[in-house]
Every structure is written in C-alpha cells, then in structure tokens.
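So the chains spell out like this:
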Amino acid sequence: MKLDKHRLVDTETGEIIYTVIELKRKYYSGGFFMAMQEGFIHIAKLGLTGEQMNVLFLIFGKLDFENWLRLSQTDIAKELGMHKQHVNRAMKVLVEKGVIHKGPKVGSMLTYRLDPNFGVKGRAKNEKNIRRDIDAMARENGLKVIQGGKED
C-alpha cells in the first residue's frame, strides 16, 4: 500500500483504495442577522406555503439594520421569478401572521419590518428599541398592544 497526500493505492494491483476529492463550495459573504430559534419553530408551525417561505427567506437576506425592509414587491417578484400578485399575497399573510409589520411609506414604496421574535439585524441591544418602535406603529394604526396579558 502506498499512501500519498490524496489517495491510498494498492502497490501490487494498482487499485485505488480511496481518494480525496476536493469539492468547490461557494461561500456567501455579506451581512448577517441573529436568528431566534424559538421564532423559527413558530414559523415552522404557521403552515406557510412554499411561495410565502421563499418571500420570507428573501426578506431575511435583504433586511436592513433595525429590521427594516425597503424593497418593492415588484423587485421581490423579479428576484424570485414570481408573479407580483403572489408576492403581494405572501406579504399579506406574513403581516397577518405577525412575522413582518407594515411600516411607513417611503415615496410610493411600502416599508416593512421583521418582528424581532424571528431575528435581529444590527446590535442585539437594539432589539428592545425595535419592539418599542413596532408597538408605537401599532398604536398609531389604532391597535392595542398587549404584553404579558396586560394592555400596554
């Protein structure tokens, strides 16, 4: 037997016993966000469709700091190869399920914000500020905020 850097060869028969094949992997660079494990368990139980999950994963990838998403539904549709109507429907479901929240309009584009129960883009210490801002937006839209069974 002969052992070199990448393979083991039987010297009598010339048979290669094993060889190492290096796989080329694509490494993705760029930003990152902190994901909340319990939030992912919750998402898994929401019964989201494949299209809704695709939109959600794109949202995870496109998040701006403080969990803002400033990306038009047309751009999302183009990037995912989906119809804009399907993206619109997926976004509505994600809002209804509380995964994302509608933010203010910037020009003609709606903004959204990922709920920090699922992840945070930015400093972990800003998570409370993000929650406070989301609660304030809810109040501005006439919604009541209930925490721990008590109205805030």
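Quick look at the structure, then.

Let's talk about unusual backbone geometry
- A positive phi is found at E66, a non-glycine position, where the angle reads about 65°.
- Its location among the elements puts E66 in the loop between α2 (50-62) and β5 (68-69).
- E66 sits in the partly exposed class, given a relative accessible area of 25%.
- Even without glycine at this site, N67 takes up a positive phi of about 70°.
- Mapping N67 onto the fold places it in the loop between α2 and β5.

What about the side chain of D115?
- Mapping D115 onto the fold places it in the loop between β7 (109-114) and β8 (119-120).
- The exposure class of D115 is buried, given its relative accessible area of 10%.
- In this structure the side chain of D115 is engaged in a polar contact, spanning 2.8 Å, whose partner is the side chain of N117.
- Setting aside anything within four residues of it in sequence, one finds D115 in contact with N67, G98, V99, I100, H101, R131 and I134.

Structural notes on the pairing of strand β6 (residues 100-106)
- Relative to β7, β6 is paired through five bridges, and the arrangement is antiparallel. Within β7, the position partnered with K102 by the bridge is Y112.

Some words on the environment of M82
- Structurally, M82 is set in the loop between α3 (73-80) and α4 (84-96).
- Ignoring any residue separated from it by four or fewer positions in sequence, one finds M82 in contact with E51, V55, A77 and V87.

Observations concerning the pattern of salt bridges
- The final tally for this structure, using the stated rule, is four salt bridges.
- One salt bridge connects D133 with R113, and the closest N-O pair in it is separated by 3.5 Å. Of the two residues, D133 is situated in helix α5 (residues 127-140) and R113 in strand β7; the sequence distance between them amounts to 20 residues.
- For D133, a relative accessible area of 29% translates into the label partly exposed.
- By relative accessible area, which is 2% here, R113 ends up buried.
- Between D133 and R132 there is a salt bridge, with its nearest N and O atoms 3.3 Å apart.
- Each of R113, R132 and D133 takes part in salt bridges that share partners, so that together they form one network.

Remarks on a nonpolar patch on the surface
- A surface patch of nonpolar side chains, about 260 Å² in accessible area, is lined by I17, Y18 and V20.
- Within the fold, I17 resides in strand β3 (residues 16-19).

With respect to the environment of F32
- Examined against the element boundaries, F32 turns out to sit in the loop between β3 and β4 (34-35).
- For F32, a relative accessible area of 67% corresponds to the exposed category.
- Residues F32 and V120, 88 residues apart in the sequence, show an inter-C-alpha distance of 9.2 Å.

Some remarks on the packing of aromatic side chains
- A full pass over the atoms with the stated rule returns three aromatic pairs.
- An angle of 80° between the planes, with centres 5.8 Å apart, marks the rings of F57 and F60 as edge-to-face. Of this pair, F57 and F60 both sit in helix α2, three residues apart, which is roughly one turn of the helix.
- Owing to a relative accessible area of 48%, F57 belongs among the partly exposed residues under this scheme.
- In textbook terms, an aromatic cluster arises when at least three aromatic residues are bridged by ring pairs, as seen for F33, F40, F57 and F60.

Cut-offs and rules
- Residues numbered from 1 in each chain as written.
- Predicted model: local features only at pLDDT ≥ 70, side-chain atom pairs only at ≥ 80, totals over all residues.
- Heavy atoms only, no water.
- Helix = DSSP H or I, 4+ residues; strand = E, 2+ residues; numbered from the N terminus.
- Buried < 20%, exposed > 50% of the residue type's maximum accessible area, 1.4 Å probe, protein only.
- Polar contact = N/O pair within 3.5 Å; in protein donor to acceptor, adjacent residues only side chain to side chain.
- Contact = heavy atoms within 4.5 Å.
- Pairing = 2+ DSSP bridges.
- Salt bridge = Lys/Arg side-chain N within 4 Å of Asp/Glu carboxyl O.
- Patch = residues over 30% accessible without salt bridge, like charges linked within 9 Å, V, L, I, M, F, W, Y side chains within 5 Å.
- Areas by Shrake-Rupley, 256 points an atom, 1.4 Å probe, with all protein chains shown as cover.
- Phe/Tyr/Trp six-rings, centres within 6.5 Å; stacked < 30°, edge-to-face > 60°.

Geometry only, nothing functional implied.
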